[in-house]
Amino acid sequence: MASHSCSFINGTQFTDVVIVGNGPSAISLSFLLSGNRPYYNGIPHSNEILTRKLEDIKNGLSIVDQDLEYLSEGLEGRTSNPVALLLDALQHPDADLGADNPSLLDWKKVENVAIPHVVLGKTKPGGSWQRMDGSMQTLSLNSWMELPTVPFREWLAKKKMSTMAANTSNRATIADVKDYYLDFVQQKGLVRNFYDYHTVTSVQKVFQLKSCIDGESGEVEPCCQNVKQNHSYLWEVRGYHLVSGNDDMENGNIIREEFCFVAPCVVLANGTYDIPNKLGVEGENLPNVIHSLSAFEKVIKNNNLSSTSDPILVVGAGLSAADAILMATQKGIPVVHSFRCSANDPSLIFRKLPAVMYPEYHRIHSFMKGKQKCELYKPYAKHKVVEIMEENTVLIQALGSDTITSVNVSYTVIMIGSRSDLSFLPNEGRNLGVVPKWPIDSKHNPFDINVYSYQSNYEPGLYAMGPLVGDNFVRFGIGGALGIVNHMLARQKE
């Protein structure tokens, strides 16, 4: 770490911003906090109103210094956060229309404007991408996975020349994405701000209190009754870092080191892939029940399944469920698929993906509808799991009916989404969502923020970005960095 990023007093490290999470959203925020600024380069946008607004920008000022509410007014797209739409419109003009237009931004490193910060992540830079199966393809186009100033295709051409001939798809492999994010942090000189393998266990306010001594009794008395109203505060971020002991590296001697950062601003960028959602049925905690693709991948790699095994039961109708089915059928493993909706439900993600780009997902959707037959696959649409029994029998029930079907399975693979681990926040952050007192959920209950600053509407100095605020695509998560830095700079000027 560089000396300017934080200072030390009695083991506590002081800095300006602590970022919890080290995925692409956090990386892009670190990039902007390090003094990198986007400037409009004069290329017109298809949106004439936006073009006129951009042309009115005073010479020498970056997009970070603009009125983001004014610039983003009227923009529409695949997120409800206007600043995310603005930056995406500038980085990837008309991307949702299938265009591959050049960026409207030039990026420059500006000296003496960097804001000291640290990035705390449980893995190497890249966040949850570092825990995914590297051979799978991303859902997004490879250009949509990229961070500012480093076009993904150019990076791939330089780093993987030997495989370019075979890589004809516009979608990247997850292994490429992992390497890309690691390389970006190295290339852009951000390494000094990143603390890898650091797990946060507590984020809380620390009030700056004063006390006075009673002249007669000599007792120390608090200066006021309403501490929260009358005193300023900082954010205290605590956790631990696991490291191997130098004297016993070969035997895996692990040392747990505690850390404590204090800062006026904390940004939550820790995604939504920590805790799998559960059905809440009896038997769900049995050994042969799986709740993540990585765990299912391990079962396959350990040769615990084969074409002669009882089928696996996949539960869910999203992309993770489809990925599990693809993994199984490619290995000749039979699949029983239970999902609560109709196979023709208009809300299914498969209906929103172009068939030319995503043929494997459309094949699974065709299986679900019964239009295409597969000997290894049997669907149970409009069914729910009732009970998972110890002898690897699962009871599923048709919705709206008393009909119960008993299925003999080898594994039950439950793929019904996941949520972020916010156990480090008071009350797990339940007071910070759009729906108070309910758990934070990227789809149904994101953080309640000011959509231009990304600051919590309940806790000044606490920000959230990425999937926590509904920006589930990398290309939109970057917009949060723009909103946050814009607001922090405005606070500095005040």
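In short, a report on the structure. Only a predicted model underlies this, so the values are computations on that prediction, with no experimental measurement involved.

As a further point, take the packing of aromatic side chains. Between two aromatic rings, the relevant description is the distance of the centres plus the angle of the planes. Taken as a whole and assessed by the stated rule, the structure comprises 12 aromatic pairs. Residues tyrosine 195 and phenylalanine 261 carry aromatic rings whose centres are separated by 5.3 Å and whose planes lie at 80° to one another, so their mutual orientation is edge-to-face. Taken as a pair, tyrosine 195 in strand β7 (residues 194-195) and phenylalanine 261 in strand β12 (residues 254-263) lie far apart in primary sequence, 66 residues in all. Note on phenylalanine 261: relative accessible area 0%, which makes it buried.

On to the pattern of salt bridges, then. Under the definition given, this model contains 6 salt bridges. Linking lysine 205 and glutamate 459 is a salt bridge whose minimum nitrogen-to-oxygen distance equals 2.8 Å. With lysine 205 in strand β8 (residues 198-207) and glutamate 459 in the loop between β23 (418-419) and β24 (462-464), this pair connects stretches of sequence that are 254 residues apart. For lysine 205, a relative accessible area of 26% corresponds to the partly exposed category. Owing to a relative accessible area of 15%, glutamate 459 belongs among the buried residues under this scheme.

On to the nonpolar core, then. With 84 residues, the main nonpolar core has Leu268 and Phe447 as its most contacted residues. For this core, the element with the most residues is helix α11 (residues 474-493), which contributes 9 residues. Setting aside residues no more than four positions away along its own chain, phenylalanine 447 makes contact with Leu268, Leu422, Leu425, Leu432, Gly433, Val434, Ile440, Ala464, Leu468 and Val469. By size, the runner-up hydrophobic cluster in this structure holds 34 residues, among which are Val299, Ile325, Ala343 and Ile364.

Further remarks concern the pairing of strand β17 (residues 335-339). Burial runs high along β17: 5 of the 5 residues are buried. Bridging between strand β16 (residues 312-315) and β17 involves 4 bridges; their strand directions are parallel. Paired with leucine 313 across the two strands is valine 336, which belongs to β17. Between the parallel elements β16 and β17, the chain passes through helix α9 (residues 319-330) in a crossover that is right-handed.

Further remarks concern a nonpolar patch on the surface. Where nonpolar side chains cluster on the molecular surface, the patch consists of Val434, Val435 and Trp438 and spans about 300 Å² of accessible area. Looking at the element boundaries, valine 435 is found in the loop between β23 and β24.

The parallel open sheet is built from 5 strands, whose spatial order is β15-β22-β16-β17-β18. Edge positions in the sheet fall to β15 (289-290) and β18 (377-381), since each of these pairs with one other strand and no more. Across 5 bridges, β17 lies against β18 in parallel orientation. Note on β18: the bridge partner recorded for histidine 337 is proline 379. Most of the contacts of helix α10 (residues 359-369) go to β18, to which it runs at about 65°, and overall it touches β17 and β18.

What follows covers α11. Taking 1.5 Å of rise per residue, the 20 residues of α11 would be expected to cover 28 Å, and the 30 Å separating its terminal C-alpha atoms lies within 8% of that figure. Burial analysis of α11 places 16 of its 20 residues in the buried class, which makes it a mostly covered element.

On the basis of which strands lie adjacent, the open sheet formed by 3 strands has the order β19-β20-β21 and antiparallel pairing. Here the strands that pair on one side only, and so sit at the sheet edges, are β19 (383-388) and β21 (404-408). For this sheet, the mean inter-axis angle between neighbouring strands, taken without regard to orientation, is 30°. Sheet analysis places strand β20 (residues 393-398) next to β21, joined by 5 bridges and oriented antiparallel. By the bridge assignment for β21, threonine 393 is matched with asparagine 408.

Relative to the elements of secondary structure, asparagine 47 occurs in the loop between β4 (36-40) and α2 (48-55). Distance in space between the C-alpha atoms of asparagine 47 and leucine 75 is 9.0 Å, their sequence separation being 28 residues. Within polar-contact distance, the side chain of asparagine 47 engages the backbone nitrogen of isoleucine 49 at 3.1 Å.

Turning next to helix α4 (residues 82-91). With 10 of 10 residues buried, α4 lies mostly within the body of the structure. Of the surrounding secondary structure, the elements contacted by the buried residues of α4 are α2, α3 (68-72), β5 (105-109) and α11.

Calculation criteria
- Residues numbered from 1 in each chain as written.
- Predicted model: local features only at pLDDT ≥ 70, side-chain atom pairs only at ≥ 80, totals over all residues.
- Heavy atoms only, no water.
- Phe/Tyr/Trp six-rings, centres within 6.5 Å; stacked < 30°, edge-to-face > 60°.
- Helix = DSSP H or I, 4+ residues; strand = E, 2+ residues; numbered from the N terminus.
- Buried < 20%, exposed > 50% of the residue type's maximum accessible area, 1.4 Å probe, protein only.
- Salt bridge = Lys/Arg side-chain N within 4 Å of Asp/Glu carboxyl O.
- Core = buried A, V, L, I, M, F, W, Y, C linked by side-chain atoms within 4.5 Å.
- Contact = heavy atoms within 4.5 Å.
- Pairing = 2+ DSSP bridges.
- Right-handed = clockwise from strand over helix to strand, strands pointing away.
- Patch = residues over 30% accessible without salt bridge, like charges linked within 9 Å, V, L, I, M, F, W, Y side chains within 5 Å.
- Areas by Shrake-Rupley, 256 points an atom, 1.4 Å probe, with all protein chains shown as cover.
- Axes fitted to C-alpha atoms, helices over the stretch in contact; angles between N-to-C directions.
- Expected span 1.5 Å × (residues − 1).
- Polar contact = N/O pair within 3.5 Å; in protein donor to acceptor, adjacent residues only side chain to side chain.

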